[in-house]
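A closer look at the structure
Okay, here's what each chain looks like letter by letter:
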Amino acid sequence: MQKVDNEKKIKIKIKILLADDHSLFREGLRRILGEEKDIEIVGEARDGVEALRLANRLKPDVVLMDISLPGPNGIRITRKIKKRQGKIHVIMLSMYEDTAHIIESFQAGASGYVIKTHSSSELMETIRSVFREGVSIPPSIEQKLLKGIRQPDFLSGVQNINLTNKEVRILKLVASGSTNKEIATRLFISEKTVKNHLNHIYRKLGVKNRAQAVVEGLKRDYISRH
């Protein structure tokens, strides 16, 4: 039985769209990702227009998006993809480690952010985490997010949002990378109840996905304070 279950897991492929204008970089990604049994590259794009077209046509699970794509850049294309195909996850690939680019990426709807100079193992971990949980914000990125979103100009106009204690606990677990099933087990509630709480959290925070909810939670000091 265990063998059958493992075989079923292997059959679940994470469909990836590569969006980067550098052929050598795409070739490197193809080689790295091609060694993974649970990953399938379904398309490649060289600019923003092509990335949007292929995302709409191929409907991949994850887009690996170069932040500096020619034409409409990665951030602009991410906004358009999330508006048209909300279930597609975008992981931003970038040479920039500054808070401004990181914040703008997550605000646009990105579910993860990977620095191009970091290891391939970090990229693989981010891909799988985003596919499973819908968000991946490692500690190094979270610290930069916290630093940026605590600036006075970024916080100006932020209204008080009252989350219940249960909603705060769930938001913290989401930020830690827990799945709905893991949250349900931890809080002794059903997965359906977790989904209902998440929908309430999204509505209160004015967001559409887990990554945006975590950013808003950090901004409003829910995650670090409680």
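Anything mentioned here points back to the structure above.
Summary of the structure given here. (Residues numbered from 1 in each chain as written. Predicted model: local features only at pLDDT ≥ 70, side-chain atom pairs only at ≥ 80, totals over all residues. Heavy atoms only, no water.)

On to the sheet that holds strand E3 (residues 62-66), then. Here we have 5 strands laid out as an open sheet, ordered E2-E1-E3-E4-E5, and parallel in their pairing. Both edges of this open sheet fall to strand E2 (39-45) and strand E5 (112-115), since each of them pairs with a single strand only. For this sheet, the mean inter-axis angle between neighbouring strands, taken without regard to orientation, is 25°. For strand E1 (residues 14-19) and E2, the ladder comprises 6 bridges, and the chain directions are parallel. If you follow Leu18 over to E2, its bridge partner there is Glu44. Relative to E5, helix H5 (residues 99-108) is tilted by about 145°, and along the sheet it contacts strand E4 (89-94) and E5. (Pairing = 2+ DSSP bridges. Helix = DSSP H or I, 4+ residues; strand = E, 2+ residues; numbered from the N terminus. Axes fitted to C-alpha atoms, helices over the stretch in contact; angles between N-to-C directions. Contact = heavy atoms within 4.5 Å.)

Most of E1 is tucked away: 5 of the 6 residues are buried. Following the chain from E1 across helix H2 (residues 23-34) to the adjacent parallel E2, one finds a crossover that is right-handed. Relative to E3, E1 runs parallel, the two sharing 4 bridges. Across the sheet, Leu18 pairs through a bridge with Leu64, a residue of E3. (Buried < 20%, exposed > 50% of the residue type's maximum accessible area, 1.4 Å probe, protein only. Right-handed = clockwise from strand over helix to strand, strands pointing away.)

Take H5 next. Listed as buried for H5 are Ile102, Ile103, Ser105, Phe106 and Ala108. Among the residues trailing H5, Gly109 stands out with phi positive, at a value near 115°.

The subject of this paragraph is the pairing of E3. Within a regular strand, side chains alternate between the sheet's two faces. Burial analysis of E3 places 5 of its 5 residues in the buried class, the great majority of the element. Going residue by residue along E3, you find Val62, Leu64 and Asp66 tucked away on one face and Val63 and Met65 tucked away on the opposite face as well. In this sheet, E4 lies alongside E3 in parallel orientation, the contact comprising 5 bridges. Bridged to Val62 within E4 is His89. At this point the chain moves from E3, through helix H4 (residues 74-84), to the parallel E4, and the crossover so formed is right-handed.

Okay, the nonpolar core next. Residues Val63, Met65, Ile81, Phe106, Tyr113, Leu145 and Leu171 are the most contacted members of the largest nonpolar core, which totals 52 residues. Here the element with the most residues in this core is helix H9 (residues 165-175); it accounts for 6 residues. Dropping the residues within four chain positions of it, Tyr113 is found in contact with Ile67, Ile91, Met92, Ser94, Tyr96, His101, Ile102, Ser105, Phe106, Ser136 and Ile141. Listed in part, the 15 residues of the second largest apolar core include Leu33, Leu123, Met124 and Ile127. (Core = buried A, V, L, I, M, F, W, Y, C linked by side-chain atoms within 4.5 Å.)

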